[in-house]
Amino acid sequence: MYFRIDSKKCMRNILKISSLLLLTLISCKKESTSNSEIDSAIIIDTREQLNNDRQTLLLVCTTQKIYGCGNYSIHYKIDKTTNRIDIAFEGIKTPNICLTSLGPATTFIDLGTLPIGLYQLNLTINRTVKKGELVVTPDRYSISIPNQTQIQLPKSTLPRIPSNTIWGTIGYNKASSEPMAQSVVDALIQTGATTQTYAEGNYWYFNIGTNGQILSPQNHGYWFVKPFILQYLGDIDKIKTLLQQIKTQYGNELHVTINTSKGEVLYN
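Every value quoted in this text rests on a predicted model; they were computed, and no experiment measured them. (Residues numbered from 1 in each chain as written. Predicted model: local features only at pLDDT ≥ 70, side-chain atom pairs only at ≥ 80, totals over all residues. Heavy atoms only, no water.)

(A) The arrangement of the pattern of salt bridges in detail. Going through the model one piece at a time under the given rule, you end up with 8 salt bridges. We note a salt bridge from Glu37 to Arg127, for which the minimum N-O separation is 3.0 Å. Within this pair, whereas Glu37 is found in the loop between β1 (35-36) and β2 (42-51), its partner Arg127 is found in the loop between β7 (117-125) and β8 (128-136), the two being separated by 90 residues in sequence. Between Arg84 and Asp86 there is a salt bridge, with its nearest N and O atoms 2.7 Å apart. Its relative accessible area of 24% is what places Arg84 among the partly exposed residues. (Salt bridge = Lys/Arg side-chain N within 4 Å of Asp/Glu carboxyl O. Helix = DSSP H or I, 4+ residues; strand = E, 2+ residues; numbered from the N terminus. Buried < 20%, exposed > 50% of the residue type's maximum accessible area, 1.4 Å probe, protein only.)

Right, dumping it as structure tokens:
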């Protein structure tokens, strides 16, 4: 007795089986992502997120430990009520694909827009609860955690950026161009911006010195730089028009960057 073998049908079946095996292997690879226990301190830095008229508090969380891949992440869960914030750091996620650079495990926790008040802050790491407080005022965010060991706070206070603030830098390559840089600040004031003394501190986006004035940023990339910070309640389109005029007048001699408290970044 002879059996006829349909080679095309057989090949299709082999391909189907191969595809199923491949999908199974891929699925197993995804599921194999480990979630190991946190074995170093977590460093929590604070940053104000600027998005249109919303200003939210962002916690930038990194491990003290440096991993062999630059894209390890911290697994967490969060629960918020009217006056309490519970954050549980539950483990370290190993990436499926390794970015070949060293770095800590990282996560970003956006706490949203927080009304003025006092919040009980419960941070859990490896099932151990660290109790603290978060105080929100019109001027600043303040976090306090007694007996910090597994949780570290590089700075406990973050000044808030006042509404209608604009700030930025004017970069130039020759010392003789300083009067031109000052003329840009003068033009912003003529457009309607006003000077103001700001509270000293690190706002993350910029630093204010003891005299209430903005400090030059580090690693700004220019030979010379003039920082500025102003209040502006006018139409932002006027600022955009001014930047176009500066570009026409000075070309590449001046490089102006303007940030707004609504999260916009403008260039000439």
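Once you've had a look at it, read on.
(B) Summary view of the confidence of the model for the protein. In the predicted model, the protein carries a mean pLDDT of 87, and the fraction of residues at 70 or more is 87%. Below a pLDDT of 50 lies the segment residues 1-33, which in the model reaches 4 contacts outside its immediate sequence neighbourhood of four places, other chains included. (pLDDT = per-residue confidence, 0-100. Contact = heavy atoms within 4.5 Å.)

(C) The arrangement of the sheet that holds strand β16 (residues 255-260) in detail. Across the sheet, 4 strands lie side by side as β15-β12-β16-β17; this open sheet has antiparallel pairing. In the strand order of this sheet, the two ends are held by β15 (224-231) and β17 (265-267), each with one partner. Averaged over all pairs of adjacent strands, the angle between strand axes in this sheet comes to 15 degrees, irrespective of strand direction. Across the sheet, helix α2 (residues 178-191) is in contact with β12 (165-172), β15 and β16; its angle to β15 comes to roughly 10 degrees. (Pairing = 2+ DSSP bridges. Axes fitted to C-alpha atoms, helices over the stretch in contact; angles between N-to-C directions.)

(D) Region of interest: the layout of surface pockets. Of the voids in this model, the largest pocket is the one considered here, and its volume is about 290 Å³. Those elements giving two or more residues to the lining of the largest pocket turn out to be β12 and β16. Examining the composition of the lining of the largest pocket, we find that 3 residues originate from one element, β12, more than from any other. Its residues placed into classes, the lining of the largest pocket shows 8 nonpolar, 8 polar and no charged. Looking at the second largest pocket, its volume works out to about 180 Å³. Of the residues assigned to the lining of the second largest pocket, the class counts are 4 nonpolar, 5 polar and 2 charged. (1 Å grid on protein atoms, 1.4 Å probe; cavity = no way out; pocket = protein on both sides within 12 Å on 5 of 7 lines; lining within 4 Å. Points joined across faces, edges and corners; volume = space filled by probe spheres on them. Nonpolar A, V, L, I, M, F, W, Y, C, P; charged D, E, K, R; others polar.)

(E) How the structure looks around the nonpolar core. Ranked by size, the top nonpolar core spans 30 residues in total, and within it Ile42, Ile44, Phe89, Leu111 and Leu134 carry the most contacts. Grouped together as the second largest cluster of nonpolar side chains are 23 residues, Met180, Ala187, Leu242 and Leu243 included. (Core = buried A, V, L, I, M, F, W, Y, C linked by side-chain atoms within 4.5 Å.)

(F) Structural detail: the side chain of Ser261. By the element assignment, Ser261 lies in the loop between β16 and β17. On the basis of relative accessibility, which here comes to 8%, the residue Ser261 falls in the buried class. Looking at Ser261, its side chain comes within polar contact range of the main-chain nitrogen of Asn164, at 3.0 Å. Apart from residues lying up to four places away in sequence, Ser261 is in contact with Leu50, Asn52, Gln55, Ile161, Pro162, Ser163, Asn164, Thr165 and Trp167. (Polar contact = N/O pair within 3.5 Å; in protein donor to acceptor, adjacent residues only side chain to side chain.)

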